[in-house]
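# Structural features, examined
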Amino acid sequence: MTAKTRKLTVFIVITVLLIAAGTVFIVRQANMRHSREEEAEEMAAEPEAPAPQTEEEQDAPDIDYLILVDKNHMLPDDWEEKISLVSTVNSVGDEVWTEETAYDAYLKLKDNLAQEGIYVELDSAYRSVADQQKIIDDFTEKYGEAYAHTYASEPGTSEHHTGLALDLYLIVDGNTVYENEDLVQYPEIWARIHEKLPDYGFILRYPEGNSSGYPYEPWHIRYVGIEAAKEMTENGLTLEEYLN
Ligand SMILES: [Zn+2]
C-alpha cells in the first residue's frame, strides 16, 4: 500500500465513521421527538380522571325520587333492577319491602312519632305487579269491584311498584288499627303524622280534595326527598302539580 492509498483509506474510513455516527444521532433525535409526540398525544387522549366521589355519593342509589307512576304513567322497565330494597317484618308479622332510602327516612319518622306517643307501622310499601293484582282480587272479595278499582291501582300503574310509597297503620292504646275503614276514624292522629312528613322527605300523596283522581288516603305517604317534600307541602302542591 502506498502512502497515498493509506491516506485515502484513512480518509474513507473516517468519513464512513462520521456518516454512521451522524445517522445514529439523527435517528436517535427523531426517535426521541417521536416518543415525546406520542407521549403528548397519549396524554391528550387519556380521559380526565373522574373527581373522587364522596362516601355519600357512592352510596346514593341512582334513581329518581320524583318519579311519577300513576294511571297515565307506567313504571319504567328498568326501575326494579335499579332499586335496592330492604325487608322488615311489621307488628302483625307481615314481611314488608321498601326502597332503602325511603325506609331509612321512615324509621326516623317512626322514632320521632313514638316520642310523642304516636305509633305507626308499615302495612305495605314495595309491591310487584303480581302483588298488585292480588290486592285487586282481595279488595274485590272484601269490598266489591267498585271499591277495589277505586282504592287499588291497576297492575303496572301503582306507585307502590316504586318502593317509595308507604302505607301506614296505627297502634292506638295498644290496639292494632289496620283496616282502611278503621284507620279513617283517627283524623287527629293522622293530622299530627302529616305535619311531620316533609321533615323526613315524605308527602301525603293523596290529600283531601286532591286532583290526582285518587280518593283521600291518610295512610299513603310517598318519599320524594326532604327538599322537594318541603317545597310541595309549603305550596300545597301534589306531586303531579309540582312536576308540571
Ligand atoms: Zn298506598
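Cut-offs and rules
Residues numbered from 1 in each chain as written. Predicted model: local features only at pLDDT ≥ 70, side-chain atom pairs only at ≥ 80, totals over all residues. Helix = DSSP H or I, 4+ residues; strand = E, 2+ residues; numbered from the N terminus. Contact = placed C-beta atoms within 7 Å. Core = buried A, V, L, I, M, F, W, Y, C linked by C-beta atoms within 7 Å. Buried ≥ 20, exposed ≤ 12 C-beta atoms within 10 Å, placed from the backbone. Expected span 1.5 Å × (residues − 1). pLDDT = per-residue confidence, 0-100. Pairing = 2+ DSSP bridges.

## Details of the overall build of the chain
- Counting its secondary structure elements, the chain contains 10 helices and 7 strands.
- Across the chain, the fraction of contacts at a sequence separation of at least 24, relative to all contacts at a separation of at least 6, is 65%.

## Let's talk about the nonpolar core
- L166, F202 and I203 are the most contacted members of the largest nonpolar core, which totals 30 residues.
- Where this core is concerned, the elements lending two or more residues are α4 (100-115), β3 (119-124), β4 (165-172), β6 (202-204), β7 (220-223) and α9 (226-234).

## Focus on the environment of I203
- Among the secondary structure elements, I203 is positioned in strand β6.
- Placed 26 residues apart in sequence, I203 and A229 show a C-alpha to C-alpha distance of 5.6 Å.

## Notes on helix α5 (residues 129-143)
- Along its 15 residues, α5 runs 21 Å from first to last C-alpha, staying within 8% of the 21 Å computed at 1.5 Å per residue.
- Positive backbone phi, approximately 100°, marks G144, located one or two places after α5.

## What to know about the environment of E234
- One can find E234 in helix α9.
- Accessibility expressed as a C-beta count within 10 Å gives 9 for E234, which makes it exposed.
- Expressed as a C-alpha distance, the spacing of E234 and P198, which sit 36 residues apart in the sequence, is 9.2 Å.

## Describing the confidence of the model for the chain
- For the chain, per-residue confidence averages 83 on the pLDDT scale, and residues scoring 70 or more make up 75% of the total.
- Low confidence marks residues 30-35, where pLDDT is under 50. Its contacts with residues over four positions away, or in another chain, come to 0 contacts.
- Note that pLDDT drops below 50 for residues 42-47; the model gives that stretch 0 contacts with residues more than four away or on any other chain.

## Some points on the pairing of β4
- Strand direction decides the pairing type here: β3 and β4, joined by 5 bridges, are antiparallel. What sits directly across from L122, in β4, is L168.
- By the bridge criterion, 3 bridges tie β4 to β7 in an arrangement that is antiparallel. Bridging from a neighbouring strand, A165 pairs with R222 of β7.

## A word on unusual backbone geometry
- The phi angle at D173 is positive, at roughly 50°, despite the residue not being glycine.
- Tracing the sequence through the fold places D173 in the loop between β4 and β5 (175-177).
- Judged by the 7 C-beta atoms lying within 10 Å of it, D173 is exposed.

## Describing the environment of M74
- With respect to the secondary-structure elements, M74 resides in the loop between α2 (55-59) and α3 (79-82).
- For M74, a count of 14 C-beta atoms within 10 Å translates into the label partly exposed.
- Spatially, the C-alpha atom of M74 lies 9.6 Å from that of H161, the residues being 87 residues apart in sequence.
- Leave out the neighbours within four places in its chain, and M74 touches G156 and T157.

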